Amino acid sequence: MALANTTAEQTRRGTGARRAVLSSFLGSTIEYYDFALYATASSLVFGPVFFASLSPLVATVASYATLAAGFVARPVGGLVFGHFGDRLGRKRMLVVSMTAMGAASALIGVIPAVPTWGATLLVLLRVVQGVAIGGEWGGAALLSAEHAPEHRRGLAASFTMAGSPTGTVLGAVALALAGLLPVHQFLSWGWRIPFLFSAVLLAVGLFVRTKVAESPVFREAAPQAERRRPPFIEVLRRPRAVIVVFLSCLAGFAIQAMFATYGVTYSAGHGLTRSAALLAFAISQALAIPGTLGAAWLSDRYGRRPIMLAGLAGMVVLTYPVFLMLGSGRFALVLTALVLALALCQGVAFGPVAAFISEQFPTHVRYTGVSLGYQTASVVGAGFTPLVVAALAANTHGSTTALMVYLVGLCLGSGLVIALCTKETKDVALS
(Lines give C-alpha, C1' and ligand atoms only; values in the text may rest on other atoms or scores of the structure.)
Protein backbone atom coordinates (compact mmCIF):
# COMPACT_ATOMS: atom_id res chain seq x y z
CA MET A 1 0.00 0.00 0.00
CA ALA A 2 2.80 2.39 0.92
CA LEU A 3 4.54 1.65 -2.39
CA ALA A 4 1.31 2.31 -4.29
CA ASN A 5 0.82 5.60 -2.48
CA THR A 6 4.40 6.63 -3.22
CA THR A 7 4.00 5.78 -6.88
CA ALA A 8 0.73 7.73 -7.09
CA GLU A 9 2.36 10.73 -5.44
CA GLN A 10 5.30 10.62 -7.85
CA THR A 11 2.90 10.42 -10.80
CA ARG A 12 0.92 13.37 -9.47
CA ARG A 13 4.07 15.44 -9.01
CA GLY A 14 5.32 14.51 -12.45
CA THR A 15 2.04 15.57 -14.04
CA GLY A 16 2.07 18.82 -12.07
CA ALA A 17 5.64 19.54 -13.15
CA ARG A 18 4.83 18.95 -16.82
CA ARG A 19 1.80 21.22 -16.63
CA ALA A 20 3.86 23.91 -14.93
CA VAL A 21 6.54 23.72 -17.61
CA LEU A 22 3.94 23.85 -20.41
CA SER A 23 2.16 26.78 -18.77
CA SER A 24 5.41 28.69 -18.29
CA PHE A 25 6.50 28.00 -21.86
CA LEU A 26 3.18 29.11 -23.36
CA GLY A 27 2.94 32.13 -21.09
CA SER A 28 6.45 33.25 -21.90
CA THR A 29 5.83 32.63 -25.60
CA ILE A 30 2.72 34.80 -25.60
CA GLU A 31 4.34 37.54 -23.55
CA TYR A 32 7.41 37.67 -25.78
CA TYR A 33 5.34 37.46 -28.95
CA ASP A 34 3.71 40.69 -27.85
CA PHE A 35 6.88 42.27 -26.53
CA ALA A 36 9.11 41.29 -29.47
CA LEU A 37 6.43 42.24 -31.98
CA TYR A 38 6.57 45.75 -30.55
CA ALA A 39 10.38 45.77 -30.66
CA THR A 40 10.47 44.85 -34.35
CA ALA A 41 7.65 47.24 -35.20
CA SER A 42 9.54 50.04 -33.43
CA SER A 43 12.34 49.73 -35.99
CA LEU A 44 10.11 49.44 -39.07
CA VAL A 45 6.63 50.87 -38.40
CA PHE A 46 6.12 53.26 -35.51
CA GLY A 47 8.51 55.94 -36.77
CA PRO A 48 6.70 56.66 -40.06
CA VAL A 49 3.23 55.96 -38.58
CA PHE A 50 3.23 57.87 -35.29
CA PHE A 51 6.18 60.25 -35.75
CA ALA A 52 5.76 61.13 -39.41
CA SER A 53 6.35 64.85 -38.83
CA LEU A 54 9.94 64.20 -37.68
CA SER A 55 13.02 63.48 -39.76
CA PRO A 56 13.64 59.75 -40.39
CA LEU A 57 16.53 59.58 -37.91
CA VAL A 58 14.68 61.48 -35.17
CA ALA A 59 11.54 59.41 -35.81
CA THR A 60 13.55 56.21 -35.36
CA VAL A 61 15.04 57.49 -32.09
CA ALA A 62 11.54 58.52 -30.89
CA SER A 63 10.20 55.09 -31.79
CA TYR A 64 13.03 53.41 -29.88
CA ALA A 65 12.24 55.70 -26.92
CA THR A 66 8.74 54.21 -26.71
CA LEU A 67 10.42 50.80 -26.75
CA ALA A 68 12.57 51.86 -23.81
CA ALA A 69 9.47 53.02 -21.88
CA GLY A 70 8.27 49.44 -21.73
CA PHE A 71 11.60 48.27 -20.38
CA VAL A 72 11.64 50.98 -17.70
CA ALA A 73 8.25 49.70 -16.51
CA ARG A 74 9.46 46.12 -16.19
CA PRO A 75 11.11 46.47 -12.73
CA VAL A 76 7.92 48.14 -11.48
CA GLY A 77 5.96 45.10 -12.63
CA GLY A 78 8.56 42.85 -11.05
CA LEU A 79 8.19 44.58 -7.68
CA VAL A 80 4.39 44.66 -7.69
CA PHE A 81 3.86 41.12 -8.96
CA GLY A 82 6.83 39.87 -6.94
CA HIS A 83 5.41 41.19 -3.68
CA PHE A 84 2.03 39.54 -4.16
CA GLY A 85 3.58 36.46 -5.75
CA ASP A 86 5.71 35.92 -2.64
CA ARG A 87 2.69 36.50 -0.38
CA LEU A 88 -0.28 35.06 -2.30
CA GLY A 89 1.27 32.62 -4.74
CA ARG A 90 2.88 32.38 -8.17
CA LYS A 91 -0.15 31.15 -10.14
CA ARG A 92 -2.57 34.00 -9.29
CA MET A 93 -0.13 36.67 -10.39
CA LEU A 94 0.65 34.86 -13.63
CA VAL A 95 -3.01 34.88 -14.68
CA VAL A 96 -3.16 38.65 -14.09
CA SER A 97 0.11 39.36 -15.93
CA MET A 98 -0.91 37.36 -19.00
CA THR A 99 -4.29 39.08 -19.20
CA ALA A 100 -2.74 42.55 -18.99
CA MET A 101 -0.15 41.77 -21.65
CA GLY A 102 -2.58 40.30 -24.17
CA ALA A 103 -5.12 43.09 -23.74
CA ALA A 104 -2.51 45.85 -24.13
CA SER A 105 -1.11 44.28 -27.30
CA ALA A 106 -4.54 43.89 -28.91
CA LEU A 107 -5.33 47.53 -28.13
CA ILE A 108 -2.10 48.67 -29.82
CA GLY A 109 -3.53 47.19 -32.99
CA VAL A 110 -6.44 49.65 -32.96
CA ILE A 111 -4.62 52.90 -32.08
CA PRO A 112 -5.40 55.57 -34.70
CA ALA A 113 -2.39 56.88 -36.63
CA VAL A 114 -2.72 60.35 -35.12
CA PRO A 115 0.71 61.87 -34.36
CA THR A 116 -0.13 63.46 -30.98
CA TRP A 117 -2.51 61.37 -28.90
CA GLY A 118 -1.95 58.23 -30.97
CA ALA A 119 1.69 58.32 -29.90
CA THR A 120 0.60 58.98 -26.30
CA LEU A 121 -1.65 55.92 -26.28
CA LEU A 122 1.19 53.91 -27.78
CA VAL A 123 3.47 54.85 -24.88
CA LEU A 124 0.79 54.12 -22.26
CA LEU A 125 0.05 50.68 -23.65
CA ARG A 126 3.76 50.00 -23.95
CA VAL A 127 4.10 50.75 -20.23
CA VAL A 128 1.29 48.27 -19.48
CA GLN A 129 3.19 45.69 -21.54
CA GLY A 130 6.32 46.40 -19.52
CA VAL A 131 4.57 46.03 -16.17
CA ALA A 132 2.95 42.79 -17.30
CA ILE A 133 6.10 41.13 -18.58
CA GLY A 134 7.97 42.37 -15.51
CA GLY A 135 5.63 40.22 -13.43
CA GLU A 136 5.29 37.34 -15.89
CA TRP A 137 8.85 36.19 -16.37
CA GLY A 138 9.84 35.73 -12.74
CA GLY A 139 6.65 33.89 -11.84
CA ALA A 140 6.81 31.62 -14.88
CA ALA A 141 10.45 30.73 -14.22
CA LEU A 142 9.74 29.96 -10.57
CA LEU A 143 6.64 27.92 -11.29
CA SER A 144 8.75 25.59 -13.46
CA ALA A 145 11.84 25.59 -11.25
CA GLU A 146 9.93 24.99 -8.01
CA HIS A 147 7.92 22.12 -9.50
CA ALA A 148 10.96 20.38 -11.04
CA PRO A 149 13.26 17.76 -9.44
CA GLU A 150 16.69 19.19 -8.63
CA HIS A 151 18.57 17.22 -11.29
CA ARG A 152 16.28 18.60 -14.04
CA ARG A 153 15.72 22.10 -12.73
CA GLY A 154 17.86 23.81 -15.35
CA LEU A 155 16.06 22.17 -18.26
CA ALA A 156 12.59 22.66 -16.73
CA ALA A 157 13.15 26.33 -16.00
CA SER A 158 14.72 26.91 -19.42
CA PHE A 159 11.36 26.41 -21.13
CA THR A 160 10.53 29.85 -19.79
CA MET A 161 13.68 31.12 -21.53
CA ALA A 162 12.76 29.18 -24.69
CA GLY A 163 9.46 31.01 -24.75
CA SER A 164 11.35 34.19 -25.61
CA PRO A 165 12.73 33.03 -29.00
CA THR A 166 9.51 31.12 -29.69
CA GLY A 167 7.42 34.22 -29.18
CA THR A 168 9.93 36.28 -31.11
CA VAL A 169 9.72 33.86 -34.03
CA LEU A 170 5.95 34.11 -34.08
CA GLY A 171 6.11 37.89 -33.90
CA ALA A 172 8.76 38.20 -36.61
CA VAL A 173 6.95 35.79 -38.93
CA ALA A 174 3.64 37.58 -38.40
CA LEU A 175 5.19 40.97 -39.15
CA ALA A 176 7.18 39.55 -42.09
CA LEU A 177 3.97 38.20 -43.65
CA ALA A 178 2.31 41.56 -43.15
CA GLY A 179 5.43 43.17 -44.66
CA LEU A 180 4.76 41.37 -47.95
CA LEU A 181 1.97 43.87 -48.54
CA PRO A 182 2.73 47.03 -50.53
CA VAL A 183 4.44 49.57 -48.30
CA HIS A 184 1.49 51.97 -48.06
CA GLN A 185 -0.90 49.13 -47.09
CA PHE A 186 1.59 47.68 -44.60
CA LEU A 187 2.01 51.06 -42.87
CA SER A 188 -1.68 51.93 -42.93
CA TRP A 189 -3.28 48.69 -41.68
CA GLY A 190 -1.15 45.58 -42.35
CA TRP A 191 1.06 45.96 -39.28
CA ARG A 192 -2.03 45.93 -37.02
CA ILE A 193 -3.04 42.34 -37.76
CA PRO A 194 -0.24 40.66 -35.74
CA PHE A 195 -1.13 42.81 -32.72
CA LEU A 196 -4.82 41.93 -32.94
CA PHE A 197 -3.87 38.24 -33.08
CA SER A 198 -2.68 38.61 -29.47
CA ALA A 199 -6.28 38.24 -28.32
CA VAL A 200 -6.40 34.69 -29.73
CA LEU A 201 -3.11 33.73 -28.07
CA LEU A 202 -4.35 35.18 -24.78
CA ALA A 203 -7.41 32.92 -24.77
CA VAL A 204 -5.27 29.83 -25.35
CA GLY A 205 -2.74 30.80 -22.70
CA LEU A 206 -5.31 31.50 -20.01
CA PHE A 207 -7.01 28.16 -20.61
CA VAL A 208 -3.74 26.30 -20.01
CA ARG A 209 -2.65 28.41 -17.06
CA THR A 210 -5.82 27.86 -15.04
CA LYS A 211 -5.10 24.10 -15.04
CA VAL A 212 -1.76 24.45 -13.22
CA ALA A 213 -1.32 23.81 -9.49
CA GLU A 214 0.49 26.24 -7.21
CA SER A 215 4.21 25.68 -6.64
CA PRO A 216 4.80 23.03 -3.92
CA VAL A 217 7.85 24.94 -2.67
CA PHE A 218 5.73 28.06 -2.19
CA ARG A 219 2.95 26.10 -0.45
CA GLU A 220 5.50 24.77 2.02
CA ALA A 221 6.82 28.25 2.80
CA ALA A 222 3.48 30.11 2.73
CA PRO A 223 2.53 29.73 6.45
CA GLN A 224 5.56 31.83 7.47
CA ALA A 225 5.14 34.50 4.78
CA GLU A 226 2.84 36.84 6.72
CA ARG A 227 5.22 36.99 9.68
CA ARG A 228 8.10 38.30 7.62
CA ARG A 229 8.96 41.78 6.41
CA PRO A 230 7.72 42.80 2.93
CA PRO A 231 9.81 40.92 0.33
CA PHE A 232 11.12 44.15 -1.19
CA ILE A 233 12.54 45.28 2.16
CA GLU A 234 14.15 41.90 2.79
CA VAL A 235 15.77 41.89 -0.65
CA LEU A 236 17.16 45.41 -0.25
CA ARG A 237 18.62 44.59 3.17
CA ARG A 238 20.89 42.10 1.40
CA PRO A 239 21.17 43.49 -2.15
CA ARG A 240 24.22 41.50 -3.29
CA ALA A 241 22.18 38.77 -4.98
CA VAL A 242 20.09 41.31 -6.93
CA ILE A 243 23.23 43.14 -8.08
CA VAL A 244 24.88 39.90 -9.18
CA VAL A 245 21.77 38.85 -11.13
CA PHE A 246 21.57 42.30 -12.74
CA LEU A 247 25.19 42.32 -13.90
CA SER A 248 25.17 38.66 -14.96
CA CYS A 249 22.17 39.15 -17.28
CA LEU A 250 23.17 42.52 -18.73
CA ALA A 251 25.12 41.32 -21.76
CA GLY A 252 22.57 38.68 -22.79
CA PHE A 253 19.86 41.33 -23.00
CA ALA A 254 22.13 43.64 -24.98
CA ILE A 255 22.89 40.92 -27.54
CA GLN A 256 19.19 40.24 -28.05
CA ALA A 257 18.23 43.90 -28.30
CA MET A 258 21.06 44.91 -30.64
CA PHE A 259 20.38 42.24 -33.25
CA ALA A 260 16.58 42.26 -32.92
CA THR A 261 16.36 45.98 -33.68
CA TYR A 262 19.53 47.49 -35.14
CA GLY A 263 20.69 44.23 -36.75
CA VAL A 264 17.48 43.89 -38.75
CA THR A 265 17.45 47.57 -39.74
CA TYR A 266 21.16 47.55 -40.63
CA SER A 267 20.77 44.49 -42.85
CA ALA A 268 17.71 46.00 -44.54
CA GLY A 269 19.72 49.15 -45.26
CA HIS A 270 22.63 47.27 -46.86
CA GLY A 271 21.05 45.49 -49.78
CA LEU A 272 18.59 43.11 -48.12
CA THR A 273 14.81 43.56 -48.38
CA ARG A 274 12.79 44.22 -45.22
CA SER A 275 11.01 40.86 -45.45
CA ALA A 276 14.28 38.97 -46.04
CA ALA A 277 15.90 40.58 -42.99
CA LEU A 278 12.88 39.68 -40.84
CA LEU A 279 12.90 36.12 -42.19
CA ALA A 280 16.59 35.71 -41.31
CA PHE A 281 15.86 37.00 -37.82
CA ALA A 282 12.92 34.60 -37.43
CA ILE A 283 15.03 31.60 -38.50
CA SER A 284 17.77 32.55 -36.03
CA GLN A 285 15.21 32.74 -33.24
CA ALA A 286 13.77 29.36 -34.19
CA LEU A 287 17.24 27.85 -33.90
CA ALA A 288 17.72 29.61 -30.57
CA ILE A 289 15.04 27.38 -29.05
CA PRO A 290 17.09 24.13 -29.17
CA GLY A 291 20.19 26.18 -28.35
CA THR A 292 18.59 27.48 -25.17
CA LEU A 293 17.19 24.12 -24.08
CA GLY A 294 20.43 22.30 -24.90
CA ALA A 295 22.50 24.77 -22.89
CA ALA A 296 20.17 24.36 -19.90
CA TRP A 297 20.39 20.56 -20.15
CA LEU A 298 24.18 20.81 -20.12
CA SER A 299 24.00 23.11 -17.09
CA ASP A 300 22.21 20.36 -15.14
CA ARG A 301 25.23 18.16 -15.82
CA TYR A 302 28.19 20.54 -15.74
CA GLY A 303 26.93 23.60 -13.88
CA ARG A 304 25.34 26.94 -14.72
CA ARG A 305 28.50 29.06 -14.67
CA PRO A 306 30.66 27.32 -17.32
CA ILE A 307 27.79 27.19 -19.83
CA MET A 308 26.86 30.85 -19.38
CA LEU A 309 30.52 31.90 -19.66
CA ALA A 310 30.92 29.89 -22.87
CA GLY A 311 28.08 31.82 -24.53
CA LEU A 312 29.49 35.21 -23.54
CA ALA A 313 33.01 34.25 -24.63
CA GLY A 314 31.64 33.15 -28.00
CA MET A 315 30.04 36.56 -28.54
CA VAL A 316 33.31 38.34 -27.75
CA VAL A 317 35.13 36.26 -30.37
CA LEU A 318 32.42 36.47 -33.02
CA THR A 319 31.34 40.11 -32.76
CA TYR A 320 33.56 41.40 -35.59
CA PRO A 321 32.72 38.70 -38.18
CA VAL A 322 29.03 38.94 -37.26
CA PHE A 323 28.94 42.65 -38.08
CA LEU A 324 30.80 42.08 -41.32
CA MET A 325 28.22 39.53 -42.42
CA LEU A 326 25.28 41.74 -41.42
CA GLY A 327 26.41 44.40 -43.87
CA SER A 328 27.09 42.01 -46.75
CA GLY A 329 23.68 42.35 -48.40
CA ARG A 330 23.54 38.56 -48.88
CA PHE A 331 20.78 36.59 -47.21
CA ALA A 332 22.92 33.54 -46.40
CA LEU A 333 25.57 35.63 -44.64
CA VAL A 334 23.05 37.73 -42.73
CA LEU A 335 21.29 34.56 -41.61
CA THR A 336 24.62 33.07 -40.49
CA ALA A 337 25.42 36.22 -38.52
CA LEU A 338 22.10 36.21 -36.69
CA VAL A 339 22.31 32.47 -35.98
CA LEU A 340 25.79 32.87 -34.49
CA ALA A 341 24.78 35.85 -32.34
CA LEU A 342 21.30 34.80 -31.21
CA ALA A 343 20.97 31.02 -31.54
CA LEU A 344 24.52 30.17 -30.47
CA CYS A 345 25.97 32.87 -28.23
CA GLN A 346 22.88 34.41 -26.67
CA GLY A 347 21.03 31.10 -26.50
CA VAL A 348 23.88 29.40 -24.66
CA ALA A 349 24.50 32.36 -22.34
CA PHE A 350 20.83 32.61 -21.38
CA GLY A 351 19.84 28.93 -21.38
CA PRO A 352 20.71 28.30 -17.69
CA VAL A 353 19.68 31.79 -16.51
CA ALA A 354 16.18 30.97 -15.20
CA ALA A 355 17.51 28.24 -12.91
CA PHE A 356 20.69 30.18 -12.07
CA ILE A 357 18.93 33.26 -10.74
CA SER A 358 16.16 31.24 -9.03
CA GLU A 359 18.91 29.58 -7.01
CA GLN A 360 20.20 32.92 -5.69
CA PHE A 361 17.21 33.68 -3.40
CA PRO A 362 15.24 32.00 -0.58
CA THR A 363 11.62 31.04 -1.24
CA HIS A 364 9.90 33.84 0.70
CA VAL A 365 11.57 36.58 -1.42
CA ARG A 366 12.38 34.60 -4.56
CA TYR A 367 9.72 36.09 -6.85
CA THR A 368 10.67 39.64 -5.83
CA GLY A 369 14.43 39.10 -5.98
CA VAL A 370 14.41 37.25 -9.30
CA SER A 371 12.10 39.81 -10.92
CA LEU A 372 13.94 42.85 -9.62
CA GLY A 373 17.40 41.69 -10.70
CA TYR A 374 16.35 40.26 -14.06
CA GLN A 375 14.02 43.09 -15.06
CA THR A 376 16.46 45.81 -14.03
CA ALA A 377 19.00 44.17 -16.31
CA SER A 378 16.42 44.22 -19.08
CA VAL A 379 16.04 48.00 -18.68
CA VAL A 380 19.73 48.71 -19.11
CA GLY A 381 20.73 45.84 -21.36
CA ALA A 382 17.73 45.69 -23.69
CA GLY A 383 15.69 48.85 -23.13
CA PHE A 384 18.47 51.35 -23.70
CA THR A 385 20.71 49.42 -26.06
CA PRO A 386 18.67 50.43 -29.16
CA LEU A 387 18.93 54.08 -28.09
CA VAL A 388 22.66 53.80 -27.43
CA VAL A 389 23.17 52.01 -30.73
CA ALA A 390 21.15 54.59 -32.68
CA ALA A 391 23.12 57.43 -31.09
CA LEU A 392 26.47 55.75 -31.74
CA ALA A 393 25.55 55.01 -35.35
CA ALA A 394 24.45 58.61 -35.92
CA ASN A 395 27.63 60.07 -34.42
CA THR A 396 30.05 57.73 -36.19
CA HIS A 397 28.61 58.15 -39.70
CA GLY A 398 27.64 54.51 -40.09
CA SER A 399 30.80 52.96 -38.62
CA THR A 400 30.15 49.87 -36.49
CA THR A 401 33.39 50.02 -34.47
CA ALA A 402 31.81 51.79 -31.49
CA LEU A 403 28.90 49.34 -31.52
CA MET A 404 31.25 46.37 -31.40
CA VAL A 405 33.25 47.88 -28.54
CA TYR A 406 30.02 48.50 -26.63
CA LEU A 407 28.83 44.91 -27.07
CA VAL A 408 32.18 43.29 -26.29
CA GLY A 409 32.56 45.46 -23.18
CA LEU A 410 29.21 44.32 -21.82
CA CYS A 411 30.00 40.65 -22.50
CA LEU A 412 33.33 40.92 -20.71
CA GLY A 413 31.71 42.69 -17.76
CA SER A 414 28.94 40.11 -17.32
CA GLY A 415 31.44 37.29 -17.73
CA LEU A 416 33.71 38.65 -15.02
CA VAL A 417 30.81 38.95 -12.58
CA ILE A 418 29.74 35.35 -13.19
CA ALA A 419 33.32 34.08 -12.89
CA LEU A 420 34.39 36.07 -9.84
CA CYS A 421 31.23 36.82 -7.84
CA THR A 422 29.10 33.65 -8.03
CA LYS A 423 29.34 30.06 -6.87
CA GLU A 424 27.98 27.00 -8.61
CA THR A 425 24.34 26.49 -7.57
CA LYS A 426 23.01 23.58 -9.65
CA ASP A 427 22.82 21.34 -6.56
CA VAL A 428 21.16 23.91 -4.28
CA ALA A 429 17.77 22.87 -2.87
CA LEU A 430 15.14 25.55 -3.53
CA SER A 431 13.13 24.54 -0.46
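Here's what I pulled together on the structure shown here.

What counts, and where the lines are drawn
Residues numbered from 1 in each chain as written. Predicted model: local features only at pLDDT ≥ 70, side-chain atom pairs only at ≥ 80, totals over all residues. Heavy atoms only, no water. Helix = DSSP H or I, 4+ residues; strand = E, 2+ residues; numbered from the N terminus. Rg over C-alpha atoms; globule rule 2.2 N^0.38 Å. Buried < 20%, exposed > 50% of the residue type's maximum accessible area, 1.4 Å probe, protein only. Areas by Shrake-Rupley, 256 points an atom, 1.4 Å probe, with all protein chains shown as cover. Core = buried A, V, L, I, M, F, W, Y, C linked by side-chain atoms within 4.5 Å. Contact = heavy atoms within 4.5 Å. Phe/Tyr/Trp six-rings, centres within 6.5 Å; stacked < 30°, edge-to-face > 60°. Polar contact = N/O pair within 3.5 Å; in protein donor to acceptor, adjacent residues only side chain to side chain. Axes fitted to C-alpha atoms, helices over the stretch in contact; angles between N-to-C directions. Parallel < 35°, antiparallel > 145°, perpendicular 65-115°, else oblique. Left-handed = near helix turned anticlockwise from the far one by under 90°. Nonpolar A, V, L, I, M, F, W, Y, C, P; charged D, E, K, R; others polar.

On to the overall build of the chain. What the chain contains, in helices and strands, is 19 helices and zero strands. Taking 22 Å as the expected radius of gyration for a compact globule of 431 residues, we find that the chain reaches 21 Å, a close match to that expectation. Along the longest, intermediate and shortest principal axes, the C-alpha atoms of the chain span 70 × 45 × 40 Å. Burial statistics for the chain: of 431 residues in total, 58% are counted as buried. A total of about 16500 Å² of accessible surface is found on the chain, and carbon and sulfur atoms cover 71% of it.

Turning our attention to the nonpolar core. Phe46, Trp191, Phe259 and Tyr374 are the most contacted members of the largest nonpolar core, which totals 109 residues. In terms of residues, this core owes the most to one element, helix 12 (residues 240-268), which gives 17 residues. Excluding anything up to four places from it in sequence, Phe259 contacts Val264, Phe281, Met315, Val322, Phe323, Leu326, Leu338, Ala341, Leu342 and Leu407.

What follows covers the environment of Pro239. Here Pro239 lies in the loop between helix 11 (231-237) and helix 12. Taking the C-alpha atoms as reference points, Pro239 and Gly369, separated by 130 residues in sequence, lie 8.9 Å from one another.

With that settled, consider the packing of aromatic side chains. Aromatic ring pairs are described here by two measures, namely the spacing of the ring centres and the angle between the planes. As enumerated under the stated definition, the model contains nine aromatic pairs in all. Taken together, a centroid distance of 5.7 Å and an interplanar angle of 80° make the contact between Trp191 and Phe195 edge-to-face. Judged by relative accessible area, Trp191 falls into the buried class, the value being 0%. Overall, Phe195 belongs to the buried group, its relative accessible area being 0%. With centroids separated by 4.9 Å and ring planes inclined at 65°, the aromatic side chains of Phe253 and Tyr374 adopt a geometry described as edge-to-face. Note that Phe253 is positioned in helix 12 and Tyr374 in helix 17 (residues 363-383), a separation of 121 residues in sequence. For Phe253, a relative accessible area of 6% puts it in the buried group.

Now for the side chain of Ser248. Mapped onto the fold, Ser248 is located in helix 12. For Ser248, a relative accessible area of 4% gives the class buried. Of the polar contacts made by the side chain of Ser248, one reaches the backbone oxygen of Val244; its length is 2.7 Å. Excluding anything up to four places from it in sequence, Ser248 contacts Phe356, Ser414, Val417 and Ile418.

So, about the packing of helix 4 (residues 90-108) against helix 17. Helix 17 packs onto helix 4 with a crossing angle of 20° between their chain directions and a minimal axis gap of 12 Å. Relative to helix 17, helix 4 is oriented roughly parallel. For the element pair helix 4 and helix 17, the recorded crossing hand is right-handed. Across from Arg90, Met93 and Leu94 in helix 4, the residues of helix 17 making contact are Thr363, Arg366 and Tyr367.

This part takes up the packing of helix 12 against helix 17. The angle between the axes and the distance between the axes are what describe a pair of packed helices. With their axes 7 Å apart at the nearest point, helix 12 and helix 17 run at an angle of 40° to one another. On the basis of the axis angle, helix 12 is oblique to helix 17. Like other packed secondary-structure pairs, helix 12 and helix 17 cross with a definite hand, here right-handed. Facing helix 12, whose interface residues are Val242, Val245, Phe246, Cys249, Leu250, Phe253, Ala254 and Ala257, helix 17 presents Gly369, Leu372, Gly373, Tyr374, Thr376, Ala377, Ser378, Val380, Gly381 and Ala382. Its residues placed into classes, the contact of helix 12 with helix 17 shows 13 nonpolar, five polar and no charged.

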